[in-house]
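# Remarks on the overall topology
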Amino acid sequence: METPVEEYHILKEPYYLPLSDEVAIFQSAYEAKLPVLLKGPTGCGKTRFIEYMTYRLGKAMGIPLPLITVACHEDLSGSDLVGRYLLQENKTIWIDGPITRAVKYGAICYLDEIVEARKDTTVLIHPLADYRRMLPIEKKGEILEAHENFLLVISYNPGYQSVLKNLKHSTRQRFVAIEFRYPTRNNEATIVAHETGLPLDLAVDLAILGEKVRHLGDQGLQEGVSTRLLIYAGTLIRKGIEPRRACQVAVANAVTDESDLIGGIQEVIFSIFP
Amino acid sequence: MGTNLKLSQERKTSGAVFLRDIIRPLKFYAQALSGEKMRLSPLKLLSQSSPGYRSRPPFADVEQIFLPEVCQEFSAPFMNFMAFKISTAHQIGFSEFGTYAFQLSSIRDLFSPEIFLTRLRSIYSQRMSVSPLEVFFRLFPNRELAHDLFQILEGVRIDHCLGRAYRGLKKEMVDYCQTAIEVKLKQPDFPRETTLFNFMIKSASFCQIVSFLPRSFLNHFTDFLSLVSPLLEKQATVEDTARTTITLYERISSKPVFPLKTVPDGSDFGLKVTFTEIPFNEKGTNPAWPGNPAEKESDRLATPPLHSFQLPLELIQRKLTNQDFQILLNNSETGSPLSTTTLGDRLNEMEIGWQTSSKGLPMIPPHQVAGGFKYRIGPSSRKSGTRLLGTTKASPGSHSSPLDIEDENDEKVYYYDEWNYRAGDYLPDWCLVKEKSIKPGSFDFIDKTLESYAGLVAEVRRQFQWLRPEYLKKIYCYEKGDEIDLNAAIEAAIDCRIGHPPSEKIYVEKLRKERNFSTLFLLDISASTAERADGTSSPPPIPPLASNDRVFIPRFLEMEEVTPTILLDTTSKRVIDVEKEALVVMAEALREIGDDYAIWGFSSNGRLDVDLYIIKDFDEDYNEEVKRRIEGIKPQHSTRMGPALRHALSKIAARGAKTKTIILISDGYPQDRDYGEDRQDREYGLYDTKVALQEVKANGIHPFCLTVDLAGNDYLRKICSESEYLVIEEATDLPRVLPKIYHRLTT
């Protein structure tokens with residue numbers, strides 16, 4: 001089913017387990033119209049959090065609050081974000097990009113993995129991310145003031161330390177930063193149990209596995225194993241796959257290609273799951 | 001089978017599993033389980049370093065696990081592998097479940113204060129390097145008995161902790177133990193006494209098989225169980241084990257029927273096994289022994305099998321410091337206040353001006369504390385001034401100021417400040433840095449390295465080829481090209497329609513996107529790099545050739561001044577050799593992408609003698625001359641990192657690249673004979689290095705510290721952020737890791 005991006009609403013409350021005060025901080029930032037940067041490793045809940053907050057804020061305001069997500073990449077141009085003229089039959093029509101739609105209709109605009117985009121593209125968001133809250137559309141010669149419900153949110157994974165792919169200070173210092181980490185064992189078990197429908201003791205075992213594999217951070221697994229992968233493993237288990245095998249395919253083989261590292265992780269799996 | 005073992009066909013046939021084949025996955029397993037970087041080392045290294053090992057084992061770090069080189073106790077490779085795995089988990093269990101957290105103060109109440117203090121003073125006065133557990137054993141008249149009892153009891157506690165924490169491991173241990181004991185019982189030469197005593201001890205474990213135990217043993221068995229069962233509970237701690245040891249010691253030592261003696265076991269997996277002389281029946285035989293039919297069914301008893309993977313615990317526990325002894329002896333932490341005179345003397349030594357207040361107390365004026373701040377972490381600018389050896393030609397804003405006068409060897413010299421953390425200020429022009437050349441080597445090191453690492457070099461070359469500019473992405477919106485950029489073309493057509501001048505950049509071109517990097521590899525070539533890369537303190541003896549051995553002895557071995565490092569096995573390599581190999585592999589990788597780079601070595605012998613060896617400068621090609629300089633790198637003196645970094649900064653800052661990096665490769669913490677007022681003060685060197693790194697970053701250069709010092713985490717986290725350093729556990733991994741780090745930093 002196709003839905004215009006500005007009409008994409010979260011209809012059902014997503015499950016999210018708060019790990020700290022991130023809900024309160026985001027709520028305060030939204031009310032103060034301060035843009036937010038979510039930083040943390042892959043699969044730790046950043047996207048789920050923003051979906052949860054979008055739903056929650058919309059519910060509090062009594063209106064459906066749209067969430068517009070853009071996955072940033074190296075080929076993302078300014079036109080992709082802001083909009084472009086297109087030919088339609090014999091006419092040239094202007095098509096708003098996702099940022100423009102979010103600004104116009106008052107959505108939360110979520111730019112995921114902002115560091116993947118080129119820096120000349122990233123700077124386009126600067127006027128939206130400071131006190132001006134406006135978007136210049138040079139092609140049209142217009143300046144668009146942001147809707148009062150609009151908020152800009154970006155995400156960024158600081159674990160990938162390249163001297164090239166980092167966030168410029170002129171960009172990062174326009175945002176309030178909320179840091180995400182993988183949950184503690186008990187919290188992660190709760191999340192995994194909820195997402196997979198597994199009994200809690202099995203979910204605890206998966207959380208223990210996550211904790212142990214993350215100890216190998218300096219062996220090429222900088223990100224460790226994400227909560228997402230643990231959920232995948234749990235989902236396979238619930239579908240009837242034997243736990244050891246499920247963890248092999250969803251964890252060991254997914255996080256690395258190095259055979260010795262796979263071997264070591266497998267022994268951890270076999271130690272945890274009988 | 002639980003792992004993908006890469007075994008030779010011959011080994012598969014014999015069932016033997018060699019540590020060398022599985023050491024890496026086991027190492028990862030150990031690190032994952034424990035959360036600590038664990039080194040797995042062959043037992044032979046332990047026995048080499050201490051000839052009297054069996055009678056008096058040496059101490060080692062908590063980060064090491066010693067395992068036999070081979071396990072061939074079973075015909076199935078899987079079982080031999082499980083022996084290694086369970087032994088590893090068992091050793092980690094001591095760390096994970098608090099064995100090394102043992103505190104002497106927790107059991108002090110069980111000994112009379114006089115005995116406790118007397119024994120403690122005796123140990124302290126001998127200045128022995130001991131751990132708390134070793135001290136605990138020395139409190140007993142028969143320390144070996146106490147040690148054996150403690151080790152067995154603590155092993156039981158650990159096994160149960162492991163079983164509770166890891167359900168899969170519990171099942172593996174049960175299955176393994178069951179199979180192992182069945183195998184052991186079938187061995188005709190297996191010492192029965194050992195088996196029976198271990199049956200008794202291990203009855204508390206969860207391994208349950210039916211076996212035989214003499215009825216006369218049962219009373220002691222039941223008594224023992226009542227002592228041990230509290231250790232099986234979740235809340236049991238190492239202190240409980242210590243207390244149980246004391247209780248059991250008292251009971252056993254008072255029963256002459258149970259004389260205990262300690263003898264070395266033949267198997268490497270049971271290094272020190274204690275057994276008891278079991279009382280047999282009148283005929284001297286045990287009617288209920290396997291092989292003899294049980295007289296009655298009631299003589300049979302469920303008993304546990306052997307689990308003999310244990311090492312002397314005092315090997316892997318941290319040692320007590322002098323301060324720890326003092327605290328124990330004094331039983332308090334109160335100190336004595338300094339007199340005003342003493343405080344004044346201390347301040348004078350530190351050259352901090354002070355006055356006496358109206359109340360007779362030393363006062364330090366604020367400006368003395370501030371130190372007339374010359375604190376600068378911003379872009380540095382050298383000031384000109386008079387130097388010891390002449391005047392400078394420093395220009396404002398420059399980062400270095402070569403002297404007019406060169407020293408007698410025509411080497412350029414530079415002065416750099418040094419950060420004194422005690423004073424909170426720089427010491428101006430404190431260090432003298434000299435650029436030196438390296439005497440070329442006379443040994444075909446490069447070719448041998450490329451041969452040894454042929455596979456790695458090929459892989460690295462392939463990976464770096466993908467970084468080559470011609471493989472990089474297409475450039476859109478270009479003025480010319482082989483393809484049309486559709487988006488740009490549409491926009492141009494639209495611009496036409498609406499009356500705007502269209503853009504000409506409507507093509508896609510595959511362009512060489514220039515990599516714009518400069519990297520300076522700064523190599524620590526201090527004396528410590530002469531140490532073995534595997535951590536042993538002395539080189540293993542070269543075995544004498546047997547008469548029928550056919551060994552190729554290269555010509556260069558006949559040359560006195562050359563140390564053959566390549567053709568010996570890995571364990572004989574020095575850290576410097578591994579560093580040189582890493583540079584060779586890195587240079588091959590960089591040859592593929594043409595990045596701008598330099599290689600320098602540094603060493604120091606005091607603040608006025610800091611040497612920077614230009615192995616390859618930025619504008620030099622990686623030619624034969626450079627290769628011979630790499631060959632010629634030799635360990636020098638000490639490691640004064642601050643001035644080396646500052647000089648590196650001054651050089652790389654002048655490069656025109658957009659992105660600049662300094663990769664510091666070292667094997668230890670910064671130290672020099674006068675690096676701080678007190679040579680034992682490690683903090684001084686660390687703080688100076690920290691500030692130097694901050695200066696590097698403030699100038700827009702990215703530093704990265706790579707160390708093969710296993711203790712690197714302890715101090716590197718103090719001087720740079722977590723993403724700016726890496727500790728390499730095995731020094732021999734450096735050639736593999738260095739290109740990966742570079743790849744990661746520059747993509």
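Quick summary incoming for the structure in this document.

Now for the overall build of chain B. When helices and strands are counted, chain B shows 23 helices and 23 strands. Looking at the 747 residues of chain B, the share that counts as buried comes to 51%. For chain B, the exposed area adds up to about 35,600 Å²; of that, 50% sits on carbon and sulfur atoms.

Another aspect to go through is the overall build of chain A. For chain A, the helix and strand inventory stands at 11 helices and nine strands. In chain A, once contacts between residues fewer than 6 apart in sequence are set aside, the share between residues at least 24 apart is 72%. Here chain A has roughly 12,300 Å² of accessible surface; of this, 51% comes from carbon and sulfur atoms.

Quick look at the packing of helix α7 (residues 185–196) of chain A against helix α9 (residues 227–238) of chain A now. Helix packing geometry: the angle between the two helix axes and the distance between the axes. Residues and elements named next belong to chain A. Orientation of α7 relative to α9, taken along the N-to-C sense of each, is 45°, at an axis distance of 9 Å. Classified by the angle their axes make, α7 and α9 are oblique. When you trace α7 past α9, the crossing you get is right-handed. Contacts between α7 and α9 involve Glu-188, Ile-191, Val-192, Glu-195 and Thr-196 from the former and Thr-227, Leu-230, Ile-231, Gly-234, Thr-235 and Arg-238 from the latter. Of the residues assigned to the contact of α7 with α9, the class counts are four nonpolar, four polar and three charged.

Time to look at the side chain of A:His126. Positionally, A:His126 belongs in the loop between α5 (119–122) and β6 (134–137). Apart from the residues within four sequence positions on either side, A:His126 is in contact with A:Arg132, A:Ser170, A:Thr171 and A:Arg174.

Right, let's get into helix α1 (residues 22–31) of chain A. Residues and elements named next belong to chain A. Among the residues of α1, those classed as buried are Glu-22, Val-23, Phe-26, Ala-29 and Tyr-30. Take α1 and look down its axis: the buried residues cluster within an arc of 130°, on one side only. For α1, the elements touching its buried residues are β1 (36–39), α2 (46–61), β5 (108–112), β8 (151–156) and β9 (176–179). Phi for Lys-33, located one or two positions after α1, is positive at around 60°.

Here we take up the interface of chain B and chain A. Between chain B and chain A, the residue contacts involve 44 residues of the former and 42 residues of the latter. Both sides of the chain B and chain A interface together cover about 3,800 Å² of buried area, and 53% of this is carbon and sulfur. The tally of links between chain B and chain A comes to seven salt bridges. Among the salt bridges present, the one from B:Arg24 reaches A:Asp260, with a minimum N-O distance of 3.2 Å. Here chain B and chain A share 16 residue pairs in polar contact (both at pLDDT 80 or more) between them. Elements with a contribution of two residues or more to the side of chain B that touches chain A: α2 (19–34), α4 (77–96), α8 (167–186), α17 (486–497), β21 (659–666) and α23 (734–745) of chain B. The element best represented in the side of chain B that touches chain A is α2(B), accounting for eight residues. A breakdown of the residues in the side of chain B that touches chain A according to their chemical character gives 17 nonpolar, 14 polar and 13 charged.

Our focus in this paragraph is unusual backbone geometry. The backbone phi angle of A:Glu113 is positive, close to 55°, even though this residue is not glycine. If you trace the backbone, A:Glu113 turns up in the loop between β5 and α5. A:Glu113 gets classed as partly exposed once you look at its relative accessible area, which sits at 23%. Here B:Asp429, not a glycine, exhibits a phi torsion of approximately 50°, which is positive. With respect to the helices and strands, the residue B:Asp429 is situated in strand β14 (residues 425–437).

This next bit is on the pairing of strand β22 (residues 701–707) of chain B. Residues and elements named next belong to chain B. Counting buried positions over the seven residues of β22 gives six, a clear majority of the element. Bridge count between β21 and β22: seven bridges; the pairing is parallel. Looking at β22, one finds that Ile-662 is bridged to Pro-703. Note: β22 against strand β23 (residues 725–727), three bridges, orientation parallel. The partner of Cys-705 across the bridge, within β23, is Tyr-725. Handedness of the β-α-β unit built from β22, helix α22 (residues 712–719) and β23 comes out right-handed.

Conventions we followed
- In this numbering scheme, every chain counts its residues from 1 along its sequence in written order.
- Here chains are named by letter from A upward and ligands by number from 1 upward, in the order in which they appear as written.
- With pLDDT at 70 or above as the cut-off, local features in this predicted model cover only qualifying residues; side-chain atom pairs require 80 or more to be listed or tallied, and sums for whole chains, interfaces and linings still use all residues.
- Only hydrogens and water are set aside when side-chain values are computed; all heavy atoms of the structure are taken into account.
- Counting from the N terminus, the helices are the DSSP runs of H or I reaching at least four residues and the strands are the DSSP runs of E reaching at least two.
- A 1.4 Å probe rolled over the protein chains alone gives each residue an accessible area, and that area as a share of the maximum for its type sets the label: buried under 20%, exposed over 50%, partly exposed in between.
- Accessibility throughout is a Shrake-Rupley quantity obtained with a 1.4 Å probe, and a residue counts as covered only by protein chains that appear here.
- Note on definitions: a residue-residue contact is assigned when non-hydrogen atoms from the two residues lie within 4.5 Å.
- The axes are straight lines fitted to the C-alpha atoms, using for helices just the contacting stretch, and the angles between their N-to-C directions are given from 0 to 180°.
- Our angle categories are set so that under 35 degrees counts as roughly parallel, over 145 as roughly antiparallel, 65 to 115 as roughly perpendicular, and the remainder as oblique.
- Left-handed describes a crossing whose near helix is turned anticlockwise from the far helix through less than a right angle; right-handed describes the clockwise counterpart.
- Classification used: nonpolar for Ala, Val, Leu, Ile, Met, Phe, Trp, Tyr, Cys and Pro, charged for Asp, Glu, Lys and Arg, polar for all others including Gly.
- Our arc is simply the arc of the directions from the helix axis toward the C-beta atoms.
- Summed over both partners, the accessible area lost on bringing two parts together, with a 1.4 Å probe, is the buried area.
- A side-chain nitrogen of Lys or Arg and a carboxyl oxygen of Asp or Glu constitute a salt bridge if their distance falls within 4 Å.
- Counted as a polar contact is a pair of N or O atoms within 3.5 Å, where, for protein atoms, one must be capable of donating a hydrogen and the other of accepting one, and residues adjacent in sequence contribute only when both atoms are in side chains.
- Being paired, for any two strands, means DSSP has found at least two bridges between them.
- Crossovers are marked right-handed if the path from the first strand over the helix to the second runs clockwise, as seen with the strands pointing away from the viewer.

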